[in-house]
Amino acid sequence: MAELVRVETGGTHPAGVATIRLDRPPMNALNTELQEQLRAAADDVSRDRAVRAIVLYGGEKVFAAGADVKEFAGQSHEDMLRDAGRLSSALSALAAVPKPVIAAVTGYALGGGCELALTADFRVSADNAKWGQPEILLGIIPGAGGTQRLPRLIGPAKAKDLIYTGRFVDADEALAIGLVDAVVPAAEVYPTALAMAAKFATGPALALAAAKAAVDGGLDGDLGNGLRLESHLFASLFATEDRAVGMRSFIEHGPGKAVFG
Ligand SMILES: CCCCCCCCCCCCC[C@H](O)CC(=O)SCCNC(=O)CCNC(=O)[C@H](O)C(C)(C)COP(=O)(O)OP(=O)(O)OC[C@H]1O[C@@H](n2cnc3c(N)ncnc32)[C@H](O)[C@@H]1OP(=O)(O)O
């Protein structure tokens, strides 16, 4: 079986940082095998306590040009009735990784590729990258969370613009509409994402996991439910060693000096 997805740690990686690297030239088209390997990689980095932050990366040329249209073209309505939920739940597994995830995007993030990047907490884009949800040009709609995560990130009007038209947006527009968080020269995308991940990797792991759960979990409910979720998670952290370390450090050394295990 070809290795289409690799989890990379150690070597030149900053401590506590893992890279989930897609490797299916020429466009990292997301076929079924890659999707399953990506799900396995998400499980691996979730379980590995040595991994504190993750970079999602497709390589120097492209992030992902979407689902494998050549594989898709051969699938029937019945196939998709069976598989559509699998695709969406697979990406939700990635979105639920209880650690900071940064998508490092070069070349293209289109269709399922954009949806994959939307599962991350942050997106670093190459200045020459193109983003979009061109499914409408194929007579379909985004089917791996794009109609749900995109409006939550950039608002319904801009999300409808991208989904209704299928147009590509360049990095500058993606930054302006809030789709991406940083735009850098292509050669700096991966180092920038690694540096962001390295900072998170030194933070309090349980508090970072709680922060992600509170923000993401609160998005789906009303304010009351979100506040109750926040209160529960806030209180739970008072039982952690990180909380003791953080507050003791503040008292003894002042703000921002804590070193978390
Ligand atoms: C935790 C577990 C996670 C599990 C992962 C699950 C992920 C979800 C995956 C399924 C998602 C389904 C729902 C999704 O919303 C549906 C889609 O994504 S539909 C596809 C959307 N994408 C597109 O429409 C883009 C299509 N491609 C292009 O527009 C262009 O190729 C390009 C990207 C703009 C590049 O153009 P060029 O530079 O001119 O290059 P070429 O066009 O010549 O392409 C080179 C080569 O690559 C092949 N290719 C490109 N894109 C795809 C693709 N999406 N699928 C298959 N193959 C693709 C192209 O055919 C060429 O091949 P060659 O001719 O050289 O053999």
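Predicted model, so just to flag it, every value in this text is computed and none were measured. (Residues numbered from 1 in each chain as written. Predicted model: local features only at pLDDT ≥ 70, side-chain atom pairs only at ≥ 80, totals over all residues. Heavy atoms only, no water.)

Quick notes on the site of the ligand
Taken together, 30 residues lie near the ligand, and A67, A90, G112, E115 and E135 sit nearest. V69 has a polar backbone atom sitting 2.9 Å from a nitrogen atom of the ligand. In this structure, an oxygen atom belonging to the ligand sits 3.1 Å away from a main-chain N or O atom of G143. Elements represented by at least two residues in the shell around the ligand include exactly helix 1 (32-47), helix 2 (69-72), helix 3 (77-95), strand 5 (108-110) and helix 4 (112-118). With four residues, the single largest contributor to the shell around the ligand is helix 3. Of the residues that constitute the shell around the ligand, the class distribution is 20 nonpolar, five polar and five charged. (Near = heavy atom within 4 Å. Polar contact = N/O pair within 3.5 Å; in protein donor to acceptor, adjacent residues only side chain to side chain. Helix = DSSP H or I, 4+ residues; strand = E, 2+ residues; numbered from the N terminus. Nonpolar A, V, L, I, M, F, W, Y, C, P; charged D, E, K, R; others polar.)

Some remarks on the pattern of salt bridges
Summed over the entire model, instances satisfying the criterion amount to 14 salt bridges. In this structure, the salt-bridge partner of R39 is E36, at a minimum N-O distance of 3.6 Å. In this pair, R39 and E36 both sit in helix 1, three residues apart, roughly one turn of the helix. Judged by relative accessible area, R39 falls into the partly exposed class, the value being 23%. Exposure remark for E36: the relative accessible area of 30% places this residue in the partly exposed category. Taken together, the shared-partner salt bridges in this structure form one network comprising R6, E8, R21 and D23. (Salt bridge = Lys/Arg side-chain N within 4 Å of Asp/Glu carboxyl O. Buried < 20%, exposed > 50% of the residue type's maximum accessible area, 1.4 Å probe, protein only.)

A few points about the domain arrangement of the chain
If you check the domain split of the chain, you get domain 1 (5-201) and domain 2 (205-253). Interface of domain 1 and domain 2: buried area, both sides summed, is about 610 Å²; carbon and sulfur atoms make up 51% of it. Between domain 1 and domain 2 we count two salt bridges in total. D220 is the partner of R152 in a salt bridge, and the nearest nitrogen-oxygen pair spans 3.6 Å. (Domains from an automatic or database assignment. Buried area = accessible area lost by both parts, 1.4 Å probe.)

Some details on the packing of helix 9 (residues 205-219) against helix 10 (residues 223-236)
The description of two helices packed together rests on the angle between their axes and the distance between the axes. Relative orientation of the contacting elements helix 9 and helix 10 amounts to 170°, with a least axis distance of 9 Å. Between helix 9 and helix 10, the interaxial angle falls into the category roughly antiparallel. Contacts between helix 9 and helix 10 pair A210, A213, A214, G217 and G218 from the former with G226, L229 and L233 from the latter. Looking at the contact of helix 9 with helix 10, its residues break down into five nonpolar, three polar and no charged. (Axes fitted to C-alpha atoms, helices over the stretch in contact; angles between N-to-C directions. Parallel < 35°, antiparallel > 145°, perpendicular 65-115°, else oblique. Contact = heavy atoms within 4.5 Å.)

Things to note about the environment of D172
One can find D172 in helix 7 (residues 171-176). The exposed category is assigned to D172, whose relative accessible area is 55%. Between the C-alpha atom of D172 and that of L229, which follows or precedes it by 57 residues, the distance is 35 Å.

A look at the sheet that holds strand 6 (residues 122-126)
Taking strand neighbours across the sheet as the criterion, the six strands line up as 1-2-3-4-6-9 in an open arrangement whose pairing is mixed. The two strands at the open ends of the sheet, each matched to only one other strand, are strand 1 (5-8) and strand 9 (182-184). Direction aside, the axes of adjacent strands within the sheet are offset by 20° on average. Pairing geometry for strand 2 (residues 17-22) and strand 3 (residues 53-57), over five bridges, is parallel. Paired with I20 across the strands is L56, a residue of strand 3. (Pairing = 2+ DSSP bridges.)

Focus on the nonpolar core
In terms of nonpolar packing, the biggest core is built from 56 residues, with W131 and L179 touching the most fellow members. Ranked by residues supplied to this core, first place goes to helix 8 (residues 189-201) with six residues. (Core = buried A, V, L, I, M, F, W, Y, C linked by side-chain atoms within 4.5 Å.)

Concerning the side chain of Q37
The topology assignment puts Q37 in helix 1. On the accessibility criterion, Q37 (12% relative accessible area) is buried. Of the polar contacts made by the side chain of Q37, one reaches the backbone oxygen of A2; its length is 2.8 Å. Contact partners of Q37, with chain neighbours within four places excluded, come to M1, A2, E3, L4 and V5.

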